[in-house]
Amino acid sequence: MVEQTNPNSIVGNLQLVFLGPPGSGKGTQARLLAAEYGFRHISTGVILRGEIKAGTPIGREAKKYIEGGRLAPDHVVRILAENAIKAENNKRYILDGYPRTVQQAIWLSEFMNSQKSSLTAVINFEINSEEVVSRLSQRRIHSVTGENFHLSNKPPPEEQAEFIITRPDDQPSAIRKRLKIYDQQTRPLVDFYSSKNLLVPVSASGSFSDVTAEIRRVLHLP
């Protein structure tokens, strides 16, 4: 009888950043890997929404910015990310949504140094802008349950049509605005992490399963 090996024992303590524009699928891939290999998916966006919903002091501060159409301030996101990393004892996790700027990347490096830790790799999800617009503009949400749908990959049920809505930031004009912000603020991280020999490019244009297989390959995951 062949002994079964626990994938978690093979993966080890990988500290990863998933980098890519909105709609590149990095959040979906992070959730898949978290479920399969026991990574903690640290999504600063999800954490921030939780803080806002709970009405915590940091959530109330961030809400003022987000309701004005701006990103949450750097120091708020930094606190959330660092607290989440500490909660994982600096072991196996995927950072999704942080860092977003070179300054945040410098803060992350300083923080990890203070914890006697370092990044293993930065997976850069490469995809062209028009494919992002096509993907996100097909996203739909159930107004009652909050469930996400996609017109091509996961169509919403016809009998629930009256509850299916399009988020304002999934309109093509809003998507292009988000991509412009990404190009200005976040894309410089490609050069930043490339200069540190941490950047690992992955094509995000294929199917979800193809992208997952490529991530497994570049990270040498079983």
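For the structure, check the block above.
Description of the structure in this document. Predicted model, so just to flag it, every value in this text is computed and none were measured. (Residues numbered from 1 in each chain as written. Predicted model: local features only at pLDDT ≥ 70, side-chain atom pairs only at ≥ 80, totals over all residues. Heavy atoms only, no water.)

## Quick look at helix α10 (residues 208–219)
At step 1: Compared with the 16 Å implied by 1.5 Å per residue over twelve residues, the 17 Å span of α10 between its first and last C-alpha is a close match.
At step 2: Three or more residues of α10 are buried, namely Val211, Thr212, Ile215, Val218 and Leu219. The arc that holds every buried residue of α10, seen down its axis, measures 130°, which confines them to one face. In this structure, α10 carries Ser209 and Arg217 as exposed residues pointing more than 90 degrees from its buried face. (Helix = DSSP H or I, 4+ residues; strand = E, 2+ residues; numbered from the N terminus. Expected span 1.5 Å × (residues − 1). Buried < 20%, exposed > 50% of the residue type's maximum accessible area, 1.4 Å probe, protein only. Arc of directions from axis to C-beta.)

## Topic: the pattern of salt bridges
At step 1: Counted by the stated rule, this structure contains twelve salt bridges.
At step 2: With a shortest N-O distance of 2.6 Å, glutamate 36 and arginine 216 are connected by a salt bridge. Of the two residues, glutamate 36 is situated in helix α2 (residues 26–37) and arginine 216 in helix α10; the sequence distance between them amounts to 180 residues.
At step 3: On the basis of relative accessible area, arginine 216 is assigned to the partly exposed category, the value being 24%. (Salt bridge = Lys/Arg side-chain N within 4 Å of Asp/Glu carboxyl O.)

## Some details on the packing of α2 against α10
At step 1: Put simply, α2 and α10 touch, their axes get as near as 11 Å, and they point 60° apart. Between α2 and α10, the crossing angle belongs to the class labelled oblique. The chirality of how α2 crosses α10 is right-handed. Two secondary-structure elements touch here, α2 through Thr28, Gln29, Leu32, Leu33, Glu36 and Tyr37 and α10 through Phe208, Val211, Thr212, Ile215 and Arg216.
At step 2: Its residues assigned to classes, the contact of α2 with α10 comprises six nonpolar, three polar and two charged. (Axes fitted to C-alpha atoms, helices over the stretch in contact; angles between N-to-C directions. Parallel < 35°, antiparallel > 145°, perpendicular 65-115°, else oblique. Left-handed = near helix turned anticlockwise from the far one by under 90°. Contact = heavy atoms within 4.5 Å. Nonpolar A, V, L, I, M, F, W, Y, C, P; charged D, E, K, R; others polar.)

Note that every value here comes from positions in space, so none of it alone points to a role or purpose.
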